[in-house]
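Summary of the model geometry
Listed here are the chains, written in short residue letters.
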Amino acid sequence: MFDGKLVLIVEDEGLVAADLAFALEELGGRIVGPVATVAEALILLEEHAVAAAVLDGILADRDVTPVALLLVDRGVPFVIHTGTALPDELAALHPALTVLPKPQRADIVMACLLNEMRGAGSQSLLG
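Keep in mind the model is a prediction, meaning the values are calculated, not measured. (Residues numbered from 1 in each chain as written. Predicted model: local features only at pLDDT ≥ 70, side-chain atom pairs only at ≥ 80, totals over all residues. Heavy atoms only, no water.)

1. A short note on the environment of Glu47
Inclusion rule: Each helix corresponds to a stretch of at least 4 residues labelled H or I by DSSP, and each strand to a stretch of at least 2 residues labelled E; elements are numbered beginning at the N terminus. The rule is simple: take the accessible area with a 1.4 Å probe, protein chains only, and divide by the maximum for that residue type; under 20% is buried, over 50% is exposed, in between is partly exposed.
Structurally, Glu47 can be placed in helix α2 (residues 38-47). Looking at Glu47, the relative accessible area reads 54%, which means it is exposed. As a C-alpha pair, Glu47 and Glu13 span 34 residues in sequence and 23 Å in three-dimensional space.

In structure tokens:
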């Protein structure tokens with residue numbers, strides 16, 4: 001389904017990152033990362049032209065806003081998979097981003113990401 005496309009995974013919980021990576025590979029995607037910090041994610045985005053991304057909302061070094069804004073600027077589809085709401089700045093600038101609450105099955109995260117890649121539009125699943 002991902003047809004060998006590069007997908008960035010930004011997640012600071014090791015088991016969650018591994019689960020997402022496994023699900024992505026099972027669907028034919030190629031993983032960039034996973035990484036646990038905004039700093040690492042920004043470096044990878046300079047080195048790789050990714051087709052999509054899965055982002056945790058709060059990472060080891062700060063919230064994911066700089067990564068999300070760069071992806072928006074580049075027109076790269078992504079979903080935010082988080083145990084919290086969108087960071088305030090990101091919510092103010094882009095309130096319609098797709099947010100998937102943790103815990104969420106990796107196959108559901110990947111299905112939502114595929115929807116974003118197909119241009120199906122954004123929806124918030126967080127209350």
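Having put the structure on the table, let's press on.
2. Examining the packing of helix α1 (residues 14-26) against helix α5 (residues 106-117)
To keep things clear, this is the line we draw: Axis lines are fitted through C-alpha atoms, for helices just across the contact stretch, and the angle between N-to-C directions can take any value from 0 to 180 degrees. Angle categories: roughly parallel below 35 degrees, roughly antiparallel above 145, roughly perpendicular from 65 to 115, and oblique for all the rest. Should the near helix be turned anticlockwise from the far one by less than a right angle, the crossing is termed left-handed; should it be turned clockwise, right-handed. Residues count as neighbours in contact if any of their non-hydrogen atoms are within 4.5 Å of one another. All residues other than Ala, Val, Leu, Ile, Met, Phe, Trp, Tyr, Cys, Pro, Asp, Glu, Lys and Arg, Gly among them, are scored as polar; the first ten of these are nonpolar and the last four charged.
Axis separation between α1 and α5 bottoms out at 9 Å; the angle between their running directions is 60 degrees. On the basis of the axis angle, α1 is oblique to α5. Regarding α1 and α5, the two cross each other, and that crossing is right-handed. Contacts between α1 and α5 involve Asp19, Leu20, Ala23 and Leu24 from the former and Ala106, Val109 and Met110 from the latter. Each residue belonging to the contact of α1 with α5 can be placed in one class, and the counts come to six nonpolar, no polar and one charged.

3. A closer look at the sheet that holds strand β4 (residues 78-82)
As a reminder of what qualifies: Here, any two strands with at least 2 DSSP bridges between them count as paired.
Spatial strand order, β2-β1-β3-β4-β5: five strands in an open sheet with parallel pairing. In this open sheet, the two edge strands, each paired with only one partner strand, are β2 (30-35) and β5 (99-101). Averaged over all adjacent pairs, the angle separating strand axes in this sheet is 20 degrees, with direction ignored. In the sheet, strand β3 (residues 52-55) pairs with β4 via three bridges, with the strands oriented parallel. The residue of β4 that forms the bridge with Leu55 is Ile80. Along the sheet, helix α3 (residues 65-74) makes contact with β3 and β4, crossing β3 at roughly 160 degrees.

4. Some details on α1
Here is the rule: Expected helix span is computed as 1.5 Å times (number of residues minus one). The arc in question is formed by the directions pointing from the helix axis toward the C-beta atoms.
Over its 13 residues, α1 extends 18 Å from the first C-alpha to the last, a length consistent with the 18 Å expected when each residue adds 1.5 Å. Taken residue by residue, α1 has Ala17, Leu20, Ala21, Ala23 and Leu24 as its buried positions. Buried residues of α1, viewed axially, fall in a sector of 165 degrees; they line one side. Away from its buried face, by an angle of more than 90 degrees, α1 presents the exposed residues Gly14, Leu15, Phe22, Glu25 and Glu26. Residues of α1 that are buried make contact with β1 (6-10), β2, β3, β4 and α5. In the segment just after α1, Gly28 is the residue with positive phi, at about 85 degrees.

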